[in-house]
Structures are given as C-alpha cells and as structure tokens.
Amino acid sequence: MKWSRTVAATEGADPVPAHEAAALVEGATGATVPVDCETVSPYERWYLHLPEVDDAPPRMLREVAEVLARCQESLARRGAAEQQAADELGALLALPVGAELPCLQAALRVRGLEGEGLHRVIVAEAAAAGSGGADRTGVAVPAEGALAEAVAHLDPAHAVVGRLPDGTAFAVLREGAPDPAPGTAAARGRGARSGKDGKDSTGNMAGPGRRTATAGRPAAGVAPDLPAVWALLSAAEPSVALHGGTGRADSAEGLNGALAQARYALASARTTSPDASALIDAASLTGLGTLLTGIPAEVRTAFSRTVLGPLFEAGNPSFAALLETLEIFLACDGSWSRTAEALHLHVNTVHYRVQRVEHFTGRDLSSLYDRLDLRAALLCRPRRPARP
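Residues numbered from 1 in each chain as written. Predicted model: local features only at pLDDT ≥ 70, side-chain atom pairs only at ≥ 80, totals over all residues. Heavy atoms only, no water.

Chemist: So what's going on with the pattern of salt bridges? Residues and values would help.
Modeler: Tallied over the full model, the rule gives 8 salt bridges. Residue arginine 270 pairs with glutamate 125 through a salt bridge whose shortest N-O separation is 2.9 Å. On the criterion of sequence distance, the pair formed by arginine 270 in helix H8 (residues 255-272) and glutamate 125 in strand E4 (residues 116-128) is long-range, its members being 145 residues apart. Across the salt bridge formed by arginine 263 and aspartate 166, the nearest N and O atoms sit 3.0 Å from each other. Here arginine 263, found in helix H8, pairs with aspartate 166, found in the loop between strand E5 (159-163) and strand E6 (169-174); they are 97 residues apart in sequence, far enough to count as distant. In this structure arginine 263 comes out as partly exposed when scored by relative accessible area, which is 31%. Each of the salt bridges in this network shares a partner with another, and the network as a whole consists of Asp87, Glu144 and Arg163. (Salt bridge = Lys/Arg side-chain N within 4 Å of Asp/Glu carboxyl O. Helix = DSSP H or I, 4+ residues; strand = E, 2+ residues; numbered from the N terminus. Buried < 20%, exposed > 50% of the residue type's maximum accessible area, 1.4 Å probe, protein only.)

What follows is the structure, encoded as structure tokens:
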C-alpha cells in the first residue's frame, strides 16, 4: 500500500485521511494526474486529483499539472539556501561530543530545535533492492527525499533534513516542541520541501474541490509513528532498499551522541536486512546478538576467525560437528545432560567434543568470560548462503 498526504486543497475541500489519499493516487475514484518534476525524489512525487471525472477535461488537468510541476521546481530551488544551512548543522553534529557546542546550539536555535526535551536523530541510506546493500549508484538522493517525506508525515515544523559530511542523509526532530515563532526558519518550513509559512503555493490552483498530494504538514488526525511511515515509504519504492537508524537525546547537548547511536543502528539495519528496507532504533539493540550487528562486517569476521581458530572453517565435517556441539552446549547453559539429549549423543561424547573445542580455541568452557567470547564469535560468523 502506498502512502499519500493531502496537504494542499482548495477552500472548503474536506480533508482526506492518508489511507484514502493513497487509494485516490492509485486511481480508485475520480481522475488523478501525476505532476512530473525531475528535481525531486520518487518519495516526494505530487499528484493532482479531481474527485469528479466530468468536472474538467483531461487537457485542463494536464495543464494544471504542468503548472504545479513548475511550482514544485521553484520550491526546490528556493530551498537551496536552507539546504546549505541544514548541511552545516550536519557537519556540527558529526563532530565529537561537546565540540563546538555554542555553534551547535546557535544552529539549532535558528531551526527552532534548541531546548530540553526528546530529540530524535535519523540517518538513512538507500541501495538497490537485492544488491545486499552494495549498489548505491544513483540512489543517494532518494534517501534524503525519503527522510524529507517521513518528516513531513511526523512534524515538519520541528525538524530539519540534510546531509552529513560523508553524504549520509540525516534528520533531526524535536518531539513535543511548541510551535515555532513566526518568521523563524522553523516556521518557514525546511527539508520537507514545504512552501512559505508552511503552506504550499499551489493550494488553490486545482479548482473547486480538487486536491494536490504534496509535501508539507501532515493532515490533522493523521500522525503515524516513524516505523509505520517507514514501512509505507518502503512499499512505495520496492526497487530500493531503504535502511535507517535512529538515536535519541534528552536535549540538544546530546545530539552528537544521538547521531553516533543512529549511525550504529543504521549499520545494524544493513546487516540484518541487506536486501530489503529496514529501520532500527538504537534503543532496541538490547541483547548481545542485536548489539553485534552494528559492528562492521569485516570486524565481526576477524573476531570470529580469531576466537574460533580452525573451527571457523566449518567446511570440515569434524569441525562442523564441534561447532554444532558448542552452539548447543552454550544454548543449554553448559548442561552436559541437556546437550547430550538435544544432540542424541552419549554424555561422554559431549565431554569429548567440548574438550576438543577447548583444545582448538584455547578457551575454558567452565569460565563465564570464555563462554561469552565463544558465544559472540558464533554470532559474528558470516552468514552462509542458503543451498539451492
């Protein structure tokens, strides 16, 4: 199911819930014309919808759509200066914790994001679906566009979208913040590509009762959480694997750390879902297995190879049997009898195999710390491709 928002409409038009707007875009009722603007990502497409097909001839709809396309291009150009300011904020966030704090606070103040309260940092990358996250050719812009659209669904008046120095798309949201003061950058709208004063300039161009699906403030009563928005954005572009990570801070002073959290969660999303879209919150990495997914693959592999020694190469049938015994033994909390039962072996055979594991790894399985090392090494092994 695709996700749409009706944020610009003619006077007197009834608001349309997001799920109904999505059906309109799919052509369920009335007439819908795409607004072709080459300067925006697929996540930010506009559509012109006419509830009654007979209210206007198709040619008129196409002409209005062409006007809307020029308006959207104008809005994109107008946001270039604000984009630069957002990227400058990204550069400050990427600095070590506490560095240039006065400059960071000033940049947040301009954007209406300074103050106490929960701040959320989101980072995102996009890759061709099915490439294992390796092919990012031509999909750098959609990641930023996806964040802009996600922010527009959540709270564009208290958010900024930009790029970090390494090109990664990022967003900062201040949750539960009061409305920004008139005249501030926050009040004028930002990365969500909205128009001046938060209103799209095309709101009355489609004629009585017509609506345009554009980027801007979310419709009243339709404020989904980030995971829901992410899932719907991902469904809108199935050819793109959209990976995201989020981190949180209680105040602006903790945003550098929140960015570090978000980057780690993004790495976890790439690891756990290389071929499909995924969003992971750093706060959800509460176990050893999930925590390790944020470590670079090369580091995980090197650690596993070092700790497991010759057992790392499981192609040898004897070593494969020892690895299986090690996994079951750790899963059974070191119980000899339960391990033997699970493997359908005599307990003496289990003792022998565990001794061989200790021999090859140099670890003592009666030691809690050595057990933890071996458990982590098993979790860090590269995923084996499934046999056809």
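Chemist: Mind laying out the sheet that holds strand E9 (residues 278-281), listing which residues take part and the relevant values?
Modeler: The strand order across the open sheet built from 5 strands is E5-E6-E4-E8-E9, with neighbouring strands paired in mixed fashion. For this open sheet the edge positions go to E5 and E9, each flanked by a neighbour on one side alone. Strand after strand, the sheet turns through a mean of 20° between neighbouring axes, direction not considered. Pairing of E4 with E6 involves 6 bridges; the strand directions are antiparallel. Residue histidine 119 lies in a different strand from E6, and its bridge partner there is arginine 174. Lying over the sheet, helix H7 (residues 226-236) contacts E4, strand E8 (240-251) and E9, oriented at roughly 165° with respect to E8. Of the strands in this sheet, E4, E6, E8 and E9 touch H8, which is tilted by about 150° from E8. (Pairing = 2+ DSSP bridges. Axes fitted to C-alpha atoms, helices over the stretch in contact; angles between N-to-C directions. Contact = heavy atoms within 4.5 Å.)

Chemist: Could you give me a rundown of the nonpolar core, with the residues and numbers involved?
Modeler: Membership of the largest hydrophobic core comes to 22 residues, with the highest contact counts inside it found for Ile122, Leu147, Ala171, Leu173 and Trp230. When residues of this core are traced back to their parent elements, those giving at least two are E4, helix H5 (140-154), E5, E6, H7 and E8. When residues of this core are assigned to their parent elements, the largest contribution, 7 residues, is made by H5. Ranked by size, the runner-up nonpolar core spans 21 residues in total, among them Leu93, Leu164, Phe170 and Ala249. (Core = buried A, V, L, I, M, F, W, Y, C linked by side-chain atoms within 4.5 Å.)

Chemist: An account of helix H12 (residues 336-343) is requested, with residue identities and associated values reported.
Modeler: Those residues of H12 not exposed but buried are Thr339, Ala340 and Leu343. Projected down its long axis, H12 carries its buried residues within an arc of 100°, all on one side. Among the structural elements, helix H11 (317-331) and helix H13 (347-361) are those in contact with the buried residues of H12. In the stretch just after H12, histidine 344 is the one whose phi turns positive, near 60°. (Arc of directions from axis to C-beta.)

Chemist: Tell me about the packing of aromatic side chains, and name the residues and values.
Modeler: Think of a pair of aromatic rings as described by two things: how far the centres are apart, and how the planes are tilted against each other in angle. Applying the stated criterion across every chain, the model contains 2 aromatic pairs. Ring geometry for phenylalanine 319 versus phenylalanine 360: centroids 5.1 Å apart, planes at 75°, classification edge-to-face. Linking phenylalanine 319 in helix H11 with phenylalanine 360 in helix H13, this pair joins segments that are 41 residues apart in sequence. On the accessibility criterion, phenylalanine 360 (23% relative accessible area) is partly exposed. Taking 4.9 Å as the distance between ring centres and 50° as the angle between the ring planes, the aromatic pair formed by phenylalanine 329 and tryptophan 336 counts as tilted. When its relative accessible area of 30% is taken as the criterion, tryptophan 336 is described as partly exposed. (Phe/Tyr/Trp six-rings, centres within 6.5 Å; stacked < 30°, edge-to-face > 60°.)

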